Amino acid sequence: MNLFGMKTSHPEPHPQDDPRYPVRKSDAEWRAQLDAMQYQVARRAATERPFTGRFWDHWSEGAYRCIGCGQALFESEAKFDAGCGWPSWWKELEPGRIERLVDDSLGMRRVEVRCAQCGTHLGHVFDDGPEPSGERFCINSAAIDFSPKT
Ligand SMILES: [Zn+2]
């Protein structure tokens, strides 16, 4: 069985503040920049409760950006309603913007997704999404911000 389309190139888990991320801030700086929920999700890999975030039922045209560094990660064109209570996309804006890591927490193997620039925890990617990608990025609203199309 091909577990979540896992590729062997996925790096082993490393901390959100790992030196490999180009954008780095101290813990105090992250706490000052983010509200409590954003901090727990982005820097501590917490998961917001379904149907509670800002974006699960948000359908305006525009781009969704990393809450940590502002990098654009997703566009409204690839957003879809997965019925799970978290905002979902079938593809990232552009390859390389999102990092994928094996996540064996909670007794199951999943693929964690993070901002490749600053290590912000975004959510997970699953292989049960719609065509053409077949992928489903299940993302915490607290990890992203929205810029309307101008
Ligand atoms: Zn970021």
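Residues numbered from 1 in each chain as written. Predicted model: local features only at pLDDT ≥ 70, side-chain atom pairs only at ≥ 80, totals over all residues.

Helix and strand content of the protein: two helices and nine strands. Moving toward the C terminus, one meets the helices and strands of the protein in the order α-α-β-β-β-β-β-β-β-β-β. In terms of overall size, the protein behaves like a compact globule, its C-alpha atoms giving a radius of gyration of 14 Å where 150 residues would be expected to give roughly 15 Å. C-alpha atoms of the protein, sized along the principal axes, occupy 40 × 40 × 25 Å. For the protein, the residues scored as buried account for 33% of the 150 residues in total. The contacts of the protein with a sequence gap of at least 6 include a subset with a gap of at least 24, amounting to 58%. (Helix = DSSP H or I, 4+ residues; strand = E, 2+ residues; numbered from the N terminus. Rg over C-alpha atoms; globule rule 2.2 N^0.38 Å. Buried ≥ 20, exposed ≤ 12 C-beta atoms within 10 Å, placed from the backbone. Contact = placed C-beta atoms within 7 Å.)

This next bit is on the sheet that holds strand S9 (residues 144–148). In a beta sheet, neighbouring strands are held together by backbone hydrogen bonds and run either parallel or antiparallel to one another. An order of S2-S1-S9 is seen for the three strands of this open sheet, with the pairing classed as antiparallel. Because the sheet does not close on itself, it has two edges, and the strands there are strand S2 (72–75) and S9. Neighbour-to-neighbour, the strand axes of the sheet open up by a mean angle of 30°, direction not taken into account. Bridge count between strand S1 (residues 62–66) and S9: five bridges; the pairing is antiparallel. When the sheet's bridge partners are listed, Ala-63 is paired in S9 with Ser-147. (Pairing = 2+ DSSP bridges. Axes fitted to C-alpha atoms, helices over the stretch in contact; angles between N-to-C directions.)

Just distances and angles here, no functional claims.
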